[in-house]
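Given next are the chains, with one letter for each unit.
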Amino acid sequence: MTTLPTLSDLVSLKGRAAVVTGAARGIGYCTAARLAEAGASVLIGDRNVEGANESAARLAKQYGAKVIGADLDVREVGSVEALADRAVRDLGALDIWINNAGVFRGEPLVETTDDDWTAMYDVNLRGVFFGSRAAARRMIAAPRRAGRVIVNIASVAGVRGRVSLGAYSAAKAGVLGLTRSSSMELVQHGIRVLCVTPSMAETPGVAEMRAAARSKETDGNTVAAMEKALRATFPMGRAAEADEVARVVFFCTTDMAAFMTGSNVLVDGGLTTR
């Protein structure tokens, strides 16, 4: 009778090296935390390098793992390449790459400027391409190792679209296409590629947008009414917590998902069933 691997072995990331982009806070931070908790060495890249360093120090102390903060601008190919090189140099390998960095802003189609479009594309799609390519090149160049995976973060806006989110939706739909295509190319090298697609999640960025909107309202009820209406669209009646998304990203990086590649994993509270 075949002996099954234990659950603890399947979720362990000991000996693996990971990069998480945009991980100073929010979903990226929670993902880095789960990876470190499972025993991985983690490189946190973020434009907010001070925040990345603070988050790395916090996680290293909490989990006794090697966690390093680094400056990263996913819009700049040189910055992404430098981060990938640093992962190999400082972590000793590159097994896991999480393309998490993203920006969110919405305007009606006719009011979307060229710069608005470029801002969404540069971070949300071009940055994912830069990260995927940099990670794949280094994984392929290194001796073959088990557990190598690239995970991209998309959005339900890229699956079903939303009013006033044309540029954002288009970029996130591109992430889905890139995931499928790159998974087919990289499987021969033993590299899995997966996409995690959340709906709205409670993050510091969302909290800041909420506070900014409230500061501009005149009756004190507009934002609350909008949020109530938005929550009503979710079958589960609420948005996700950042760590609820991070847990699914973590699952994708483990041997629990060893036979998964090219898949799009929805973490949307049932939103796309409607």
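Structure's up top.
Residues numbered from 1 in each chain as written. Predicted model: local features only at pLDDT ≥ 70, side-chain atom pairs only at ≥ 80, totals over all residues. Heavy atoms only, no water.

A short note on the sheet that holds strand E3 (residues 67-71)
Then, number 1: The seven strands lie next to each other as E3-E2-E1-E4-E5-E6-E9, forming an open sheet whose pairing is parallel. The two strands at the open ends of the sheet, each matched to only one other strand, are E3 and strand E9 (264-267). With strand direction ignored, the average angle separating the axes of adjacent strands in the sheet is 20°.
Then, number 2: Alignment of strand E5 (residues 148-153) against strand E6 (residues 191-198), held across six bridges, turns out to be parallel. In the sheet register, Val-151 faces E6, and the bridge partner there is Leu-194.
Then, number 3: Here helix H10 (residues 242-253) sits on the sheet and contacts strand E4 (96-99), E5, E6 and E9; the angle it forms with E6, its principal contact strand, is near 165°. (Pairing = 2+ DSSP bridges. Helix = DSSP H or I, 4+ residues; strand = E, 2+ residues; numbered from the N terminus. Axes fitted to C-alpha atoms, helices over the stretch in contact; angles between N-to-C directions. Contact = heavy atoms within 4.5 Å.)

Focus: the packing of helix H4 (residues 77-91) against helix H5 (residues 114-141)
Then, number 1: Interhelical geometry of H4 versus H5 gives an angle of 35° and a closest axis separation of 9 Å. H4 and H5 meet at a crossing whose hand is right-handed. In this structure, H4 uses Val-77, Val-80, Glu-81, Ala-84, Asp-85 and Val-88 to contact H5, whose residues at the interface are Phe-130, Gly-131, Arg-133, Ala-134, Arg-137 and Arg-138.
Then, number 2: In the contact of H4 with H5, the residues fall into six nonpolar, one polar and five charged. (Left-handed = near helix turned anticlockwise from the far one by under 90°. Nonpolar A, V, L, I, M, F, W, Y, C, P; charged D, E, K, R; others polar.)

Comments concerning the nonpolar core
Then, number 1: Leu-35, Val-42, Ile-44, Val-67, Val-151, Val-196 and Val-245 are the most contacted members of the largest nonpolar core, which has 37 residues in total.
Then, number 2: Among the elements that take part in this core, helix H2 (residues 26-37) stands out by supplying seven residues, more than any other.
Then, number 3: Among residues more than four places away in sequence, those in contact with Val-67 are Ala-36, Val-42, Ile-44, Ala-56, Leu-59 and Ala-60.
Then, number 4: Counting residues in each nonpolar core, the second largest holds 26 residues, with Ala-70, Leu-91, Ala-93 and Ala-134 among its members. (Core = buried A, V, L, I, M, F, W, Y, C linked by side-chain atoms within 4.5 Å. Buried < 20%, exposed > 50% of the residue type's maximum accessible area, 1.4 Å probe, protein only.)

What to know about the pattern of salt bridges
Then, number 1: The final tally for this structure, using the stated rule, is 15 salt bridges.
Then, number 2: Among the salt bridges present, the one from Arg-16 reaches Asp-255, with a minimum N-O distance of 3.1 Å. With a gap of 239 residues between them, Arg-16 in the loop between helix H1 (7-11) and strand E1 (17-21) and Asp-255 in the loop between H10 and E9 connect regions that are remote in the sequence.
Then, number 3: Residue class for Arg-16 comes out buried when judged on its relative accessible area of 11%.
Then, number 4: Notably, a salt bridge pairs Arg-247 with Asp-243, separated by 2.8 Å at the nearest N-O pair. Of this pair, Arg-247 and Asp-243 both sit in helix H10, four residues apart, which is roughly one turn of that helix.
Then, number 5: On the accessibility criterion, Arg-247 (46% relative accessible area) is partly exposed.
Then, number 6: On the basis of relative accessibility, which here comes to 17%, the residue Asp-243 falls in the buried class. (Salt bridge = Lys/Arg side-chain N within 4 Å of Asp/Glu carboxyl O.)

Overview of H10
An α-helix turns once every 3.6 residues. As a result, residues three or four positions apart point the same way.
Then, number 1: Between its terminal C-alpha atoms H10 stretches 17 Å, which fits the 16 Å expected from 12 residues at 1.5 Å a residue.
Then, number 2: Where H10 is concerned, the buried positions are Ala-242, Asp-243, Val-245, Ala-246, Val-249, Phe-250, Cys-252 and Thr-253. Buried residues of H10, seen end-on, are gathered within an arc of 160° and therefore sit on one face of the element. (Expected span 1.5 Å × (residues − 1). Arc of directions from axis to C-beta.)

Regarding the state of the cysteines
Then, number 1: Considering all chains together, one arrives at zero disulfides under this definition.
Then, number 2: Counting only cysteine sulfurs, Cys-252 is the nearest neighbor of Cys-30, a cysteine outside any disulfide, at a range of 16 Å.
Then, number 3: Given the relative accessible area of 17%, Cys-30 is considered buried.
Then, number 4: No disulfide involves Cys-195; its sulfur sits 9.0 Å from the nearest other cysteine sulfur, which is in Cys-252.
Then, number 5: Given a relative accessible area of 0%, Cys-195 falls into the buried group. (Disulfide = S-S within 2.5 Å.)

Quick word on the pairing of strand E2 (residues 41-46)
Then, number 1: With six of six residues buried, E2 is to be regarded as a mostly interior element.
Then, number 2: Two strands pair when backbone bridges link them, and E1 and E2 are joined in this way by five bridges, in the parallel orientation. Paired with Val-19 across the two strands is Leu-43, which belongs to E2.
Then, number 3: Remark: the E1/H2/E2 crossover connection has right-handed handedness.
Then, number 4: Judged from the five bridges that link them, E2 and E3 form a sheet pairing that is parallel. The partner of Val-42 across the bridge, within E3, is Val-67. (Right-handed = clockwise from strand over helix to strand, strands pointing away.)

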